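Given next are the chains, with one letter for each unit.
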Amino acid sequence: MGLEIDDVRHSFGDRLALDGVSFDVVPGVITGLLGPNGAGKTTLLRIMLGVLSPDHGEVRYDGRPVNEEDRRHWGYMPQERGLYAGMSAGDQVVHFGRLHGLSRREATSRAHALLEELGLEDRWSDRTDKLSGGMQQRLQLATSLVHDPVVIVLDEPFNGLDPVAVASLSETLRQRARDGRTVLFSSHQLDLVQDLCEDIAMVDRGRTVLQGNVASLRASSSRRQLRLHVQAPNRDWLRAYAGVTVVSDEADELRLEVPDGIDPLDILDAARAAGRVVDFGLDLPTLSQLFLAAADRTFDTAGVR
Amino acid sequence: MGTWWKGTALVAERGLLENVRSRTFKIVTGLLLLMSIAAVVVPQILGGERTTYTLATAGKAPAGMVAVLGAAGKSADFTVKYVSRDKEDAVRKAVRDGDATAGLAGDTLYTAASASGTFPVLVAQAVVALETSRQLSEAGLSPAQVAGLQSIQPPKQVSVGPVDDQGRAGAGFAVGIVLYTALVFAGSTIANTVAMEKSTRISEVLLAVLRPSQMIVGTVVALGTVTLFQLLVLAAPLAVAVQVTDKIGLPPVAAGDIGLALAWFVLGFMLFAFMYAAAAALVDKITDVASAIMPVTMIIVVGYVLAISVVMSDPGGGWSVAVSLFPLTAPMAMPIRWASGLVPVWQLVLAMALTAAAAMLLVAVGSAIYRRALLITGRRAKLREVIGGRAAS
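Keep in mind that this is a model prediction, so the values were computed, not measured.

Novice: A description of the overall build of chain A should follow, citing residues and the corresponding values.
Specialist: Along the backbone of chain A there are nine helices and 14 strands. The dimensions of chain A, computed from C-alpha atoms along their principal axes, are 75 × 45 × 30 Å. Looking at the 305 residues of chain A, the share that counts as buried comes to 50%. Separation of charge centres in chain A, based on 34 positive and 46 negative side chains, amounts to 3 Å.

Listed below in structure tokens is the structure:
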């Protein structure tokens, strides 16, 4: 069943932060909560974790409202990382394990395993303020994963990471998803996480503007472009496809925007019938392009209303 | 509620360990232990040796004289050593050379030119007393009648002051200083801990697992325990010594006052600790803590100043009663006033009950402010937006 976010609203005084956000997060899949800065992502995650209470709507887990006991089996990594400066790395992970209900012995053995997985096994007794930024980030991840949470929520986990760290964190999250955990993370760097998330929920100005499977969203987008280098005397063969618009037309490259409902392969066939196709390709929109398109649409409907 | 206590205990355990392992704790506790030991040992050394006077006599000192001076020495805490010289000149020489405090030969009492205190007076009184009783016996009085005349005493002197016992009142003054210091010190440690957790955003990680009440109670319990332990280190040797020996210069009742001071610390700590935590939760940067906790510290300072000015000068006055009953000033004013020995027990009980009730109220208010202020980051939260209505961000 996973998580259901249902019509969650929240305002800070006069400022509306969330205006009815709804989406589902399913287990075994990495879901990205995407949107620009100030879209309401952190507020939503804080509501999911019970740090804030929603004004309206609810968060359900396995079909019923989330309670404190459920959340004890969740892991949360907030956007701004917090570690006890004077505490040793290992003690810190053990402490958070115990806060989540593990016994000291169990928390200690899990902490050892986790620090080894994250490449911090020789840093057990180092004070956290003596660790590098990247190590602190991995230690923070360890504190949120030590109790093997069934739901993992991370707020902007890729912020400020180098490409190697991004790849390593992605692998850690993929591993958890493969084990059947529910993984949700937020990010404003849409294209950075394009290959990581399978599902996305895009929010903008407190509303969900797009949600679903990344691959199908990209494939079905009207923003996909067919790129052709066809040696044909003219473009008359294109007339049969009324919905297709020409983005650019140069001697060696013709760019066409193919709306949903027209199969790009049909156009390729038509092109081949008209002349020799030297090169071709289908460019799916990036997540940023999808977002811009979706956000514009929301803006339009808001204007009409 | 079992889970609530478990989480709170973990917060307290972590806070306690971090504190006890810190260098500050070791230094402060060591200093307190030294102070306490010094307070017990130094008066022992200074007052430990009994005064010894030497009396030179021509020939052996008369038995009557030895008996009278011995009795006087027992009550005034001195001993007398006797040296005998064969001739009057030798007695005189012994006093002049400093071998004896006074010399008695025939009808003459030799004293050193430099002041030799009350001893020569005592010797002279002994000579007069011996001679008087000898003549009274010769006049036919029975030994019982003579003893009766000898035991006539001058009226007892009682110095009249605003307090029962100066020594005990002095102990009360010291208790006031220690309570004031402990409250301010423990309060600012709590404030720094809270502000550190907030500024490093650990509080947000914790809030996902714990309730705000668990975080604030755990932190307060940890630091309260540490400070109470340090106060015990300071107070216990002194309280025991007051009971066991009278060389400290304090009446045994002062030991009870010290024990009572610990109870007042617990009450006063509960009263102010949550306010310190709430004030510190308002700040965003740890450097702003000092100004944020200023109002709370000012309340303690005003309470202390009232306690040492109003209460010390007139413990029985109306203002003193008011200051020692009012919950915000009672934790410092009442222990000081109590040491004057003039406080009815019902006032002590009332002051404690009022303080405890006020503490309960402030715990609730402080926790509410703490909970709401913790999530307001990036700027200093205003008190107005975390009290009443709903939280803003």
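Next comes the rest of the account.
Novice: Can you explain the confidence of the model for chain A? Please cite residues and give values.
Specialist: Here chain A averages 87 in pLDDT, and 96% of its residues register 70 or above. The low-confidence segment residues 298–305 of chain A, where pLDDT is below 50, has three contacts with residues more than four positions distant or belonging to other chains.

Novice: How would you summarise the interface of chain A and chain B if you had to cite specific residues and measurements?
Specialist: Between chain A and chain B, the residue contacts involve 27 residues of the former and 24 residues of the latter. Taken together, both faces of the contact between chain A and chain B bury some 2500 Å²; the carbon and sulfur share is 58%. On inspection of chain A and its partner chain B, the count reaches four salt bridges. A salt bridge links Glu-13 of chain B to Arg-98 of chain A; the shortest N-O distance between them is 2.9 Å. Summed over the shared surface of chain A and chain B, the result is five residue pairs in polar contact (both at pLDDT 80 or more). Among the elements that line the side of chain A that touches chain B, the one with the most residues is helix α3 (residues 89–99) of chain A, at five residues. Of the residues that constitute the side of chain A that touches chain B, the class distribution is 11 nonpolar, seven polar and nine charged.

Novice: Let's hear about the pairing of strand β2 (residues 15–25) of chain A: which residues, and what values?
Specialist: Residues and elements named next belong to chain A. Where strand β1 (residues 3–12) lies against β2, eight bridges are found, and the strand directions are antiparallel. Its bridge partner being in β2, Leu-3 is matched across the sheet by Val-25. Two successive antiparallel strands, β1 and β2, enclose a turn made up of two residues, where Gly-13 displays a positive phi of approximately 60 degrees.

Novice: Go over the environment of Leu-18 of chain A with me, naming the residues and quoting the values.
Specialist: All names here are of chain A. Note on placement: Leu-18 falls in strand β2. Given a relative accessible area of 2%, Leu-18 falls into the buried group. Separated by 189 residues in sequence, Leu-18 and Arg-207 have C-alpha atoms that sit 6.4 Å apart. With near-sequence residues (within four places) excluded, Leu-18 lies in contact with Val-8, Arg-9, His-10, Gly-40, Thr-43, Leu-44, Ile-47 and Gly-206.

Novice: How would you explain the environment of Ser-187 of chain A if you had to name every residue and give the values?
Specialist: All names here are of chain A. Residue position: Ser-187 is located in strand β8 (residues 182–187). Ser-187 sits 29 residues away from Phe-158 along the chain, and the two C-alpha atoms are 7.4 Å apart. Among all residues touching Ser-187, those that are not within four sequence positions of it are Leu-33, Leu-34, Gly-35, Lys-41, Glu-156 and Val-193.

Novice: Now, about the packing of aromatic side chains: what can you tell me, with residues and values included?
Specialist: Enumeration over the complete set of coordinates arrives at seven aromatic pairs over all chains. When the centroid spacing of 5.4 Å and the interplanar angle of 80 degrees are considered together, the rings of Phe-158 of chain A and Phe-185 of chain A count as edge-to-face. Taken together, the residues span a long stretch of sequence, with Phe-158 of chain A in the loop between β7 (151–155) and α6 (163–178) and Phe-185 of chain A in strand β8 at a distance of 27 residues. By relative accessible area, which is 0% here, Phe-185 of chain A ends up buried. Between Tyr-53 of chain B and Phe-119 of chain B, the aromatic rings sit 4.5 Å apart at their centres with planes inclined by 15 degrees, giving stacked as the arrangement. Taken together, the positions of Tyr-53 of chain B in strand β1 (residues 51–58) and Phe-119 of chain B in helix α5 (residues 119–138) put the pair 66 residues apart, joining distant regions of the chain. For the residue pair Tyr-53 of chain B and Phe-119 of chain B, the accessibility class agrees, reading buried in each case. The ring centre of Tyr-84 of chain A lies 3.4 Å from the NZ or CZ of Arg-14 of chain B, which sits over that ring.

Parameters at a glance
- Residues numbered from 1 in each chain as written.
- Chains lettered and ligands numbered in written order.
- Predicted model: local features only at pLDDT ≥ 70, side-chain atom pairs only at ≥ 80, totals over all residues.
- Heavy atoms only, no water.
- Helix = DSSP H or I, 4+ residues; strand = E, 2+ residues; numbered from the N terminus.
- Buried < 20%, exposed > 50% of the residue type's maximum accessible area, 1.4 Å probe, protein only.
- Lys, Arg positive; Asp, Glu negative; His and termini not counted.
- Charge placed at Lys NZ, Arg CZ, Asp CG, Glu CD.
- pLDDT = per-residue confidence, 0-100.
- Contact = heavy atoms within 4.5 Å.
- Buried area = accessible area lost by both parts, 1.4 Å probe.
- Salt bridge = Lys/Arg side-chain N within 4 Å of Asp/Glu carboxyl O.
- Polar contact = N/O pair within 3.5 Å; in protein donor to acceptor, adjacent residues only side chain to side chain.
- Nonpolar A, V, L, I, M, F, W, Y, C, P; charged D, E, K, R; others polar.
- Pairing = 2+ DSSP bridges.
- Phe/Tyr/Trp six-rings, centres within 6.5 Å; stacked < 30°, edge-to-face > 60°.
- Lys NZ or Arg CZ within 6 Å of the ring centre and 35° of its normal.

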